[in-house]
Amino acid sequence: MVVETHLSDLNLILRVKGPLEFKCLFDKTDAPNIEKVISQTFEGLSSDIKSDFCVFTLCDGLVVIWPNKDVHMSEDITPNTPCEELSQWIQTSEQESVSKRSLKKNQTKAKKCTTVINLGLMMEATRPRALQSVFARTVQTSHFVSTVLKMDCVICVRFGETIQDACLRLVEELSNQLNEMKRVTLLHLKGTSILIPEPFHFLLPQPHGLVTAVYPSGVPDSQLQTVRQTLHQKYDLADDTPFFRRANAYHFPNEPYRDGYLRNPHLSLTHPAFDNGKVYLVQGLYSYHHYMQDRIDDNGWGCAYRSLQTICSWFQQQGYVDRSVPSHKEIQQALVNVGDKQASFVGSRQWIGSIEVQMVLNELLGVTSKIMFVSQGSELASKGRELANHFTTEGTPIMIGGGVLAHTILGVAWSETTGEIRYLILDPHYTGAEDLQLITEKGWCGWKGPEFWDQTAYYNLCLPQRPKVI
Amino acid sequence: MGRGYIVEGAVESYLSQLCELKSTTLTGLLIGQSSAQRDYIVLAVRTPPKEVSSGDSLDKDWVIEHARQVSRMLPGGLSVLGVFIITEVDGKDTQTTLRQLVFSVENLISSERFWSPADDDVTDRVTLHINSKTRKTMCRTFDVKDPKSMAKPADWKYQSGVCSSWITLSCCLHINLYFPLPMRQNTPETMEKCIKDELHTWAQQIESGVCLLDGKMFPDDADLTTGQRRNAKQAYSVQLLISPCDQRIGDVVQKCGGSVSIRGAVHSRAYVHSTKPKAKLAEKMLKRDIISTVASRVHMLLEELATTEEQISNFGVELCIPRRIFCPMKGRGPLSVCDYQFSDEGSSEATERLKEMLDFDAAKKTSTQVKKSHLKILAQKFQTS
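Residues numbered from 1 in each chain as written. Chains lettered and ligands numbered in written order. Predicted model: local features only at pLDDT ≥ 70, side-chain atom pairs only at ≥ 80, totals over all residues. Heavy atoms only, no water.

Trainee: What exactly am I supposed to notice about the pairing of strand β11 (residues 235-242) of chain B here?
Mentor: Moving residue by residue along a regular strand, the side chains alternate between the two faces of the sheet. Counted residue by residue, β11 of chain B has six buried out of eight residues, so it is predominantly covered. One ladder, built from two bridges, connects strand β4 (residues 115-124) of chain A with β11 of chain B; its direction is antiparallel. Looking at β11 of chain B, one finds that E124 of chain A is bridged to L241 of chain B. By the bridge criterion, three bridges tie strand β9 (residues 166-180) of chain B to β11 of chain B in an arrangement that is parallel. For L169 of chain B, the partnering residue across the bridge sits in β11 of chain B and is Y236 of chain B. (Buried < 20%, exposed > 50% of the residue type's maximum accessible area, 1.4 Å probe, protein only. Helix = DSSP H or I, 4+ residues; strand = E, 2+ residues; numbered from the N terminus. Pairing = 2+ DSSP bridges.)

Now the structure itself:
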């Protein structure tokens, strides 16, 4: 649980992932025997990791590394090659040849972003010589354990570090992770029932960087409160932000999301810059929900529902709630349940406003919201400070309804001195596919000026409040 | 455009000899390698005559059973590609018989396979009909993937030295299978089913393993011999990297009536013809040999267990898995056939089996040669496992 790596050193992360088979037999079911067998099995895996047969394969590249042996793949790549060169061996779809990409291609990318080199953990099955093969069978009634441990370790590569040194550090991490998994498994042992330990990486504020924790699968976050408290104390973290909830696990660059929704489309925009202007943005992850998604034709009436879904996705992805984003019907049913609407409301195409959004957030997610009212759209230009404060302390997306439209505000650019203001808007009226380029180019997610609002209409804003929990 | 089989010259003399035997019908198997580029036949083996002579009528079941046994004696890359028949007359039913045999042989052999067929596998099988009087040969192929397949004419060309240009791939593979037996019904049948299920899972691991040939990884579609001059490497040492399946199906902990463990390291070998061989083909052939050799040995062990079941104590059993011996074929270049041997068997049993199944006549040669090939078998026995 101890990878305290500083992301600023070199923006190169080496990550190794792979399954290890965990199999053992309990011939006696008393606790000491079970613990002994489990410990021995973990120890066996530890020696496998440190053996000559442990290999790391470069994902999307034709390189194999034996971290515990001094072996060359070819003249071009040896254990003493600096780690950074590994990225040149990764084949992208444009590449034809197997050999190194030219250095020039990498150097033009001066952008300071974190690169992750992914390695796969595998075992070499071939041996230098044959051994008599033995078939053995036992016939006692016993308990057989068969599962897979999903190993997942990261290190931040130090400047100039060789492949050999970096990989030896990874082996050390894998060994530590196995020990931690053993500890967690033994801790949660109940008779012959075993919970599989799973690793998660969390990105903590400086100076800590990436930290790995092992949680028992099947135990929900709500029951791991004390574990998180210990972690918060260890890393001296504020106790009002759920850094260590599973949903907040660090999402590595280029790792795909399984549900198909776009995440944080605003990140690909260039933010406005003006005199003394500062940008205040939503914190964390949200999904872009808009018209026509999920095979629901809500064109013309569902905009507030979609904005509400975007907000719900934020609470889910930051780990505050477990429940998935509610559908239109579930939103409507919630309003019926609180007595705000008649039963006939469910299945209808009726609009909702900020007040309804506030009610649903409370009913379904247990989240409270503040309502901000402006009697005319032109007043929004003077709400810079309040919006900036909201994004600083709460960091949640804002739903704004007025005139005949609902939108989501993801951020504000505001100058305290000149009062100049821009709003980062996520527009739920978009009816197309999840095309990031189109969405940002056409302004479906984009910065708007104060003229964006209907200057005479009144507006209600729903500002969800972030629960202060861990 | 039909297939073209390039056949080792020695096969011609073998078939000629068979023609000279005074018998009305003789059948046998044709062994070699088929790939998208070429088809090679390296060996022909007659169906062993049965002790009880049932006249000259063809015993189809025996032909098929022979094919199954021979299949187990072939290292990777070599397989039963077809059937030949030598008759005195040209009858229409000869064609029908050949067709039946070819399909039945394929069905039996493929039903015992643990490796999965690939899309680019060649599914044509060859039939050869020789008239022993006129020496006229007729060569045709059938697509065994299509039950309604019609015979297609094919070329049958003899060439000397077909057996000398083969690349040998070999490795020694560590196996470590460990799985539970069910609570009730600890019969040989249930154990066999458990073993088969486990072998299937293991076979998938092998098939998705990463192969290194002489320490190098080859990209898809690469030639094995790129960048080498002619007559370069003839043998490759293979390394295989595997990883268990990510998802576990079933309970983490289950009550069981015992367990089975199969541990050790086995020899595996495969051949690919050296004319522009694809790395992917070499890899495929070796992986299939790995899977087949383990499956064959386990099968033999289960048969052995079934006969000795009464003697097993309540504490289980520990048995040695039969070892593999490779036997080079005289005049066939680097190509070898193989056999399996239980630890209590001597080399004479192996020689007998090779003689019976493969018409591999070590004994008939001159005395020095007998010693040589006999020694070779012995030597192999000590080296391999």
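Trainee: Honestly, the domain arrangement of chain B in this entry has me stumped. Any pointers?
Mentor: Where interface size is given, it is often the accessible area lost as the parts come together that is meant. All names here are of chain B. Considered domain by domain, chain B is made up of domain 1 (4-159) and domain 2 (167-381). Taken together, the contact between domain 1 and domain 2 spans 33 residues of the former and 41 residues of the latter. Carbon and sulfur atoms supply 60% of the area buried between domain 1 and domain 2, which totals about 3,000 Å² over both sides. For the domain 1 face of the interface with domain 2, the top three residues by lost area are R72, M73 and F114, together amounting to 28%. One can count three salt bridges joining domain 1 with domain 2. (Domains from an automatic or database assignment. Contact = heavy atoms within 4.5 Å. Buried area = accessible area lost by both parts, 1.4 Å probe. Salt bridge = Lys/Arg side-chain N within 4 Å of Asp/Glu carboxyl O.)

Trainee: Could you clarify how one ought to interpret helix α4 (residues 225-234) of chain A in this entry?
Mentor: At 3.6 residues per turn, the α-helix brings residues three or four places apart onto the same side. All names here are of chain A. Within the sequence span of α4, burial applies to R228, L231 and H232. Buried positions in α4, seen along its axis, are confined to an arc of 100 degrees and lie on one side of it. Exposed side of α4, more than 90 degrees from the buried face: T226, T230 and Q233 are the residues found there. For α4, the secondary structure elements touched by its buried residues are β8 (209-216). Downstream of α4 by one or two residues, D236 has phi in the positive range, about 55 degrees. (Arc of directions from axis to C-beta.)

Trainee: Any chance you could explain the domain arrangement of chain A here in plain terms?
Mentor: Taken domain by domain, chain A consists of domain 1 (7-125 + 141-196) and domain 2 (265-464). Computed from C-alpha coordinates alone, the two centres of domain 1 of chain A and domain 2 of chain A are separated by 42 Å.

Trainee: What's the story with the packing of aromatic side chains in this structure? I'm lost.
Mentor: Each aromatic ring pair is described using two quantities: the centre-to-centre distance and the angle formed by the ring planes. All told, the structure shown has 22 aromatic pairs over all chains when counted by the stated rule. For the ring pair F202 of chain A and F244 of chain A, a centre distance of 5.1 Å and an interplane angle of 65 degrees mean the geometry is edge-to-face. A residue pair is termed long-range when its members are at least 10 positions apart, and F202 of chain A in strand β7 (residues 197-204) and F244 of chain A in the loop between α4 and β9 (277-281) qualify at 42 residues. We note that F202 of chain A, like F244 of chain A, is buried. Arranged with centres 6.2 Å apart and planes meeting at 15 degrees, the rings of Y288 of chain A and Y430 of chain A form a pair that is stacked. Here Y288 of chain A, found in the loop between β9 and α5 (303-317), pairs with Y430 of chain A, found in the loop between β13 (421-426) and α9 (436-441); they are 142 residues apart in sequence, far enough to count as distant. One exposure class covers both Y288 of chain A and Y430 of chain A, and it is buried. These aromatic residues form a ring-pair network of at least three members: F200, F202, Y215, Y235 and F244 of chain A. In this structure, R15 of chain A packs its charged tip against the face of F252 of chain A, placed 3.8 Å from the ring centre. A cation sits over an aromatic face here: R269 of chain B above F326 of chain B, 3.9 Å from the ring centre. (Phe/Tyr/Trp six-rings, centres within 6.5 Å; stacked < 30°, edge-to-face > 60°. Lys NZ or Arg CZ within 6 Å of the ring centre and 35° of its normal.)

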